[in-house]
Amino acid sequence: MIDLNTYRIEVGLRRDQFDAAGDAIRKNIVEDLHIAVDDARLIRVYTLLTSLRCDDADMLRTHLFADPVIDVSTLDQPLASDFSWVIEIGFKPGVTDNVGKTSREAMIDIFGERADGSTVFTAKQYVLRGRLERAQVERIAGGLLANGLIEQWRIADADEFRRSGGISLPLPLAGTPQPVHVKAFDLAVSDQELIRISREGILSLSLDEMRVIRNYFRSENAIRDRSRYGLSNQPTDVELECIAQTWSEHCKHKIFNAFIDYEDEQGRRQINGLFKTYIRRSTDEISKRVPWLVSVFHDNAGVIRFNDRWNLVMKVETHNSPSALDPYGGAVTGIVGVNRDPFGTGKGCRLIFNVDTFCFAPPDYDKPLPPRLLHPKRIFKGVHRGVRDGANQSGIPDVNGSILFDDRYAGKPLVFCGTGGLMPKEILGEPAHEKTALPGDLIVMTGGRIGKDGIHGATFSSEELHSESPTSAVQIGDAITQKKMTDFLLEARDLGLYRAITDNGAGGLSSSVGEMARFSNGCRIELEKAPLKYKGLQPWEILLSEAQERMTLAVDPEKIDRFLELARRRDVEATVLGTFADSGKFEVLYESKVVAHLDMDFLHEGVPRMNLQARWKAPKHEEPDLPEPQDYNRLLEQMLARLNVCSKESFVRQYDHEVQGLSALKPFIGSSNDGPGDAAVLKPLYDSYEGVVVASGICPRYSDLDTYHMTACAIDEAVRNAISVGGRLGYLAGLDNFCWPDPVQSEKTPDGYYKLAQLVRSNMALYDYCTAYDVPCISGKDSMKNDYMIGDIKISVPPTLLFSVLGRIEDVRKVVSMDVKRPSHLVYVVGVTKNELGGSEYFAHHGFIGNSVPRVNSQLARQIYSRVSDAIDRRLIASCHDCSDGGLGVALAESAFAGGFGITADLSAVPQPEPLRADYLLFSESQSRFVITVPPRKAKEFEQMMDGVPFARAGKVTRSPLLVLKNGRQKILSADIFQLKRAWQQPLNW
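Since the structure is predicted, the reported quantities are computational estimates derived from the model, not experimental observations.

Undergrad: How would you summarise the sheet that holds strand β9 (residues 293-295) if you had to cite specific residues and measurements?
TA: Read across the open sheet, the six strands follow the order β9-β10-β11-β14-β12-β13; overall the sheet is mixed. Both outer strands of the open sheet, β9 and β13 (398-405), are each paired with one neighbouring strand and no more. The sheet shows a mean angle of 20 degrees between the axes of neighbouring strands, direction not considered. Bridge count between strand β12 (residues 350-360) and β13: seven bridges; the pairing is parallel. Each residue of the ladder has a partner; that of Phe360, found in β13, is Phe405. Seen against the sheet, helix α13 (residues 327-343) touches β11 (310-318), β12 and β14 (414-424) and runs at an angle of roughly 30 degrees to β14.

Written as structure tokens, this is what we have:
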């Protein structure tokens, strides 16, 4: 055995260099923890465990780890000086250390085989100066800088630091590996014991499901079949864990497939599955009217036709539970994980955009935090940083999304991440969206290695966050490794070196191989061949680990040598783990011993369907009786400064929007490139002006009134955003992502009948409005247990639907942005404004919910959208902005200050079925409305085109930088647009 040397390299900025990272930490300590700190600096620590000599390590210090121009560094000497306290933070054993992994690869590039056995562990030292007590420093470490689930830390004051010659963490080496042991479970026990087995094993299986599993293993066929392999009628831990993840709510969508007895004021009805009855049925009906659906619902992502040569692929996922425990790692995994969904669709595609929508409790949340909850501001920053790093390092532009706030997201944040890709219509003469695995094909895993991280991810995300939620479910993605893997696999795809591909997502190999084995009707996996990050994993852990950056492929044995050789040349690990078969069995071996032997039919179809009850009764809230405002200038500033209205630019700018150079309409636009765009438009092909439009809608506040109308509004908003830039009905596909509190009636969910009724009504609306707009759903996801529950404290998210749209635009040169363009242009309001302020930002500003939820008239909306699309196509429109959060007042202000010109308008001209007060006109959130500007020379043609739908010429664009609003003869507002813009930009400008 080779003796290894340990070297510690510390790197920090020279004193004459501004330490931006350290100063940001200082500001966070002061602003978030209200602890005074005079100065903070950051030192990067690299601990090398290697056979290299000391002079080799010193060369690495100067040439690899430190920049000689701006850095200072030391080898085996502390670098910190002139400080009050030092905090050192590093990973716990088994946690993925991406920087350490990359550092090791760089050492091997430099020294070759001499560095082969090396390991690098990274840490950070925070060097603080100020009058701080030890308790304050501990609070800074544990409450702001480190996450105790995945990190360890030590602190020292200046005297302790000097006496000890510096501080350092123990190396995060894994302990002594436990001997491999395959455990069998005796299920011939009481119901209470079955429930205990499920709960303590984090299986998330119901009593009925545990009974079904017990009966399967007791059946004569199973006993006879298993005895040939030395297996008893007791399931192994490999089998039980595999069934649990396959049957999880996350994977099987049991609530969406349940029989539901629904009752409302119109009577009772039986629903044979929400997905089948509303989502699939709507798409099936629409597919008869649109010719461009290619592949929906049965693969990792939806596929639609873009043109005669190319298809578009898209998927949106959620990563809520892991992000609640470790915001950064959970969000990185969320974005790189959803990257793999479209990539693993068909034979694979080139990824061209990311989208993300986040729902948090407000960053100034000041209520007591229950156990295990991080402060919402810390979750916000961690999630944002995770998605930013994952997206930017993957070379995929982040083009669209939103950030919402509500106190009820304190229990679980919602982290929606989506990815779209471009797929050739054909590859080597075969349809690119089709794939298969034939008996005899080899099971090949590529990419990252398997670790203990991500175990129980599928079952963990299928339950509420509670005191025993597993830390092993936390994963940290490595975007660089994934980028190398996807580049290699695209090359292998175009060479025809594999037959099928899918991602190692929820459930790891058990899911990816188990799903692909349905093509051939069986498989045989040899787990001991799987490459591991470290020794000591049990067989069930190897099978279920969701450690990131991995794909599973079916490779023809005649092509395996070429495949593995290409992988070697591209420095991507690829390993043959077994074969696909036609045995009808999911078979797993470890060191030649069978540890799982399950019928494919039972594994995938054996889960019993749930029978649920739903009861709807419309809620009633206090209707506000608000006095008419006296100062509209101040009121509009306050509305623009609301967290759900204000600018998110300071965070969104940190994403890379321009990598790949595809953007035709950017997230921020206008005279200063800081106006809020309504949708993203990409030009994905160099030889064509055809474009891709991506938009979304989300409005969970309306769920407090009626989830039917909440869903209608979310769909309408997504469609409206796409229409406002140049999209067109008949060319838009939808993606539905439901995030719900637990809707199953139980002791811990006494209002389950009502919450399930909310889910039913949401699905009813999805069917009604998707069919009304001819927007077929091509993919989706549901997350049904978004609750926090410890002791008697329960926090449930509001029922939330994110509806995304993806579509084709014929010519990106015709797209329109939301900023006003020139003085003298005429301002039009298209659509009807009603007394619909229930759930609005205006009522929320005054502390009310109200009752008059916005209702979408789909027939009228469709006429409006058709006219607006035609007007954009004929280039009659200079700017178009939809009215959404904050209503018409916010839309007028945003259009004005984005363009840098003023607007003068008369609210009394706005189409309204009954006269409304000025504040209700300004802040009603009635749907299907636009603020549009038109050059005077095109006004007549525009008005002729709008004939038959409600619209009005309400004003004009002015050179004077003022938003001037009248209501008839009365002037109610005259505000400087730049002051309005400052109010809009200030709240989240951290």
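Undergrad: Tell me about the packing of helix α16 (residues 479-494) against helix α19 (residues 560-569), and please be specific about residues and values.
TA: Interaxial distance between α16 and α19 falls to 10 Å at its minimum, and their mutual angle equals 145 degrees. Both α16 and α19 take part in a crossing whose hand is right-handed. Residues Phe488, Leu489, Glu491 and Ala492 of α16 lie in contact with α19, whose contacting residues are Phe563, Leu566 and Ala567. Residues that form the contact of α16 with α19 fall into these classes: six nonpolar, no polar and one charged.

Undergrad: Tell me about the pairing of strand β21 (residues 574-580), and name the residues and values.
TA: When strand β17 (residues 442-447) meets β21, the two strands line up antiparallel, connected through five bridges. Bridged to Ile443 within β21 is Gly578.

Undergrad: Account for the sheet that holds strand β30 (residues 732-739), naming residues and giving values.
TA: Across the sheet, which stays open at both edges, the six strands sit in the order β25-β28-β29-β34-β30-β31 with mixed pairing between neighbours. Both edges of this open sheet fall to β25 (663-665) and β31 (777-783), since each of them pairs with a single strand only. Here the average twist between neighbouring strands, direction ignored, is 20 degrees. Looking at chain direction, β30 and β31 are connected through six bridges and run parallel. Each bridged residue has a counterpart across the sheet, and for Gly734 the counterpart in β31 is Cys777. On the sheet, helix α24 (residues 752-773) packs against β30, β31 and β34 (800-809) and is oriented at approximately 175 degrees with respect to β30.

Undergrad: Kindly report on the pattern of salt bridges, identifying the contributing residues and their values.
TA: According to the stated counting rule, one finds 75 salt bridges in the structure shown. Asp299 is the salt-bridge partner of Lys435, the closest N and O atoms lying 3.0 Å from each other. With Lys435 in the loop between β16 (430-431) and β17 and Asp299 in the loop between β9 and β10 (302-305), this pair connects stretches of sequence that are 136 residues apart. Of the two residues examined, Lys435 and Asp299, each falls in the buried class. One network of salt bridges, in which partners are shared, links Arg642, Arg701, Glu841, Asp885 and Glu925.

Undergrad: Explain the nonpolar core to me, using residue names and the numbers behind them.
TA: In terms of nonpolar packing, the biggest core is built from 117 residues, with Ile260, Phe353, Val719 and Phe942 touching the most fellow members. Ignoring any residue separated from it by four or fewer positions in sequence, one finds Phe353 in contact with Met314, Ile396, Pro397, Val399, Gly418, Thr419, Gly420, Leu682, Val692, Val694 and Leu806. Counting residues in each nonpolar core, the second largest holds 49 residues, with Ile213, Ala244, Ala554 and Ala596 among its members.

Undergrad: Any chance you could break down the pairing of strand β7 (residues 259-264) for me, citing the residues and the numbers?
TA: As paired strands, β7 and strand β8 (residues 267-272) are joined by six bridges and run antiparallel to one another. From the neighbouring strand, Phe259 faces β8, where its bridge partner is Asn272. Taken together, the five bridges between β7 and strand β24 (residues 611-615) define a ladder with parallel strand orientation. Its bridge partner lying in β24, Ile260 is registered against Leu612.

Undergrad: Give a detailed account of the environment of Asp284, specifying residues and quantitative values.
TA: Summarising the element assignment, Asp284 is placed in helix α11 (residues 274-286). Looking at Asp284, the relative accessible area reads 37%, which means it is partly exposed. Distance from Asp284 to Ala861, taken between C-alpha atoms, is 23 Å for residues 577 residues apart in sequence.

Undergrad: Break down the side chain of Glu10 for me, citing the residues and quoting the values.
TA: Assignment of secondary structure puts Glu10 in strand β1 (residues 5-13). Engagement of the side chain of Glu10 in a polar contact is seen with the side chain of Arg8, the distance being 2.9 Å. If near-sequence neighbours (up to four positions away) are discounted, Glu10 is found in contact with Ile43, Arg44, Val45, Val72, Ser73, Thr74, Gln77, Pro78, Leu79, Ala80 and Gln125.

Undergrad: Go over unusual backbone geometry with me, naming the residues and quoting the values.
TA: Even without glycine at this site, Arg372 takes up a positive phi of about 75 degrees. Within the secondary structure, Arg372 sits in the loop between β12 and α14 (376-394). Of the residues examined, Arg372 reaches a relative accessible area of 28% and is grouped as partly exposed. For Ser824, which is not glycine, the phi torsion reads 85 degrees and is therefore positive. Relative to the helices and strands, Ser824 resides in the loop between β34 and β35 (826-830).

Undergrad: An account of α14 is requested, with residue identities and associated values reported.
TA: In this model α14 runs 27 Å from its N-terminal to its C-terminal C-alpha over 19 residues, within 8% of the 27 Å that 1.5 Å per residue would give. Counting buried positions along α14 yields 15 of 19 residues, so the element is predominantly enclosed. Of the residues flanking the end of α14, it is Gly395, one or two places downstream, whose phi is positive at about 70 degrees.

Undergrad: How would you explain α19 if you had to name every residue and give the values?
TA: Among the residues of α19, Ile560, Phe563, Leu566 and Ala567 are the ones counted as buried. Down the axis of α19, the buried set is contained in an arc of 130 degrees. They therefore lie on one face. Projecting away from the buried face of α19 at angles above 90 degrees are the exposed residues Asp561 and Arg568. Against β17, α16, β20 (550-555) and β21 lie the buried residues of α19. Just downstream of α19, Asp571 is the residue with a positive phi angle, here 60 degrees.

Undergrad: Provide a residue-level description of the state of the cysteines, including the pertinent values.
TA: Summed over the entire model, instances satisfying the criterion amount to zero disulfides. Cysteine Cys777 shares no disulfide, and the gap to the nearest cysteine sulfur, in Cys770, comes to 3.9 Å. Residue class for Cys777 comes out buried when judged on its relative accessible area of 0%.

Undergrad: Run through the packing of aromatic side chains, naming residues and quoting values.
TA: The geometry of two aromatic rings is summed up by the distance between their centres and the angle between their planes. Counting across every chain of the model gives 27 aromatic pairs. On the basis of an interplanar angle of 35 degrees and a centroid distance of 6.2 Å, the ring pair of Tyr828 and Phe951 is categorised as tilted. Placement of Tyr828 in strand β35 and of Phe951 in strand β39 (residues 951-958) is noted, with a sequence separation of 123 residues between them. Judged by relative accessible area, which is 0%, Tyr828 ranks as buried. Accessibility expressed as a relative area gives 24% for Phe951, which makes it partly exposed. When the centroid spacing of 5.8 Å and the interplanar angle of 80 degrees are considered together, the rings of Tyr865 and Phe930 count as edge-to-face. Taken together, the residues span a long stretch of sequence, with Tyr865 in helix α26 (residues 858-873) and Phe930 in strand β38 (residues 930-934) at a distance of 65 residues. As far as burial versus exposure is concerned, Tyr865 and Phe930 are alike and both buried. Chaining the aromatic ring pairs together yields one cluster made of Phe358, Phe360, Phe380, Phe405, Phe651 and Trp990. Residue placement shows Arg281 over the ring face of Tyr767; its charged tip is 4.1 Å from the ring centre.

Conventions used here
Residue positions are given per chain, counted from 1 along the sequence in the order it is written. Reporting of local features is limited, given that this is a predicted model, to residues whose pLDDT is at least 70; pairs of side-chain atoms are given and counted only at 80 or more, and all residues count toward the totals for whole chains, interfaces and linings. The side-chain numbers reported here are obtained from all heavy atoms of the structure, hydrogens and water having been left aside. Two strands pair under a simple rule: DSSP has to find at least two bridges between them. Helix and strand assignments follow DSSP, with helices taken as H or I runs no shorter than four residues and strands as E runs no shorter than two, numbered in order from the N terminus. The angle between two axes is taken between their N-to-C directions and runs from 0 to 180 degrees, where each axis is a line fitted to C-alpha atoms and a helix contributes only its stretch in contact. It only takes one pair of heavy atoms within 4.5 Å for two residues to be counted as in contact. Two helices cross in a left-handed way if the nearer one is turned anticlockwise from the farther one by less than a right angle. They cross in a right-handed way if the turn is clockwise. Charged means Asp, Glu, Lys or Arg here, nonpolar means Ala, Val, Leu, Ile, Met, Phe, Trp, Tyr, Cys or Pro, and polar covers whatever is left, Gly included. Counted as salt bridges are all cases of a side-chain nitrogen of Lys or Arg within 4 Å of a carboxyl oxygen of Asp or Glu. Per-residue accessibility, obtained with a 1.4 Å probe over protein chains only, is compared with the maximum for each type, and a residue is labelled buried under 20%, exposed over 50%, and partly exposed between these values. In these notes, a set of buried Ala, Val, Leu, Ile, Met, Phe, Trp, Tyr and Cys residues joined through side-chain atoms within 4.5 Å is what counts as a nonpolar core. Nitrogen and oxygen atoms within 3.5 Å of one another constitute a polar contact, given that in protein one can donate a hydrogen and the other can accept it, and given that sequence-neighbouring residues count only through two side-chain atoms. A helix's residues, less one, multiplied by 1.5 Å, set its expected span. Relevant arc is that of directions from the helix axis to the C-beta atoms, nothing else. For the purposes of this analysis, a disulfide is any pair of cysteine sulfur atoms at a distance within 2.5 Å. Only Phe, Tyr and Trp rings take part, Trp by its six-membered ring, and two of them pair if their centres are within 6.5 Å. Stacked means planes under 30 degrees apart, edge-to-face means over 60, and tilted covers everything else. Note on criteria: charge over ring means Lys NZ or Arg CZ within 6 Å of the ring centre, with the direction from the centre no more than 35 degrees off the ring normal.

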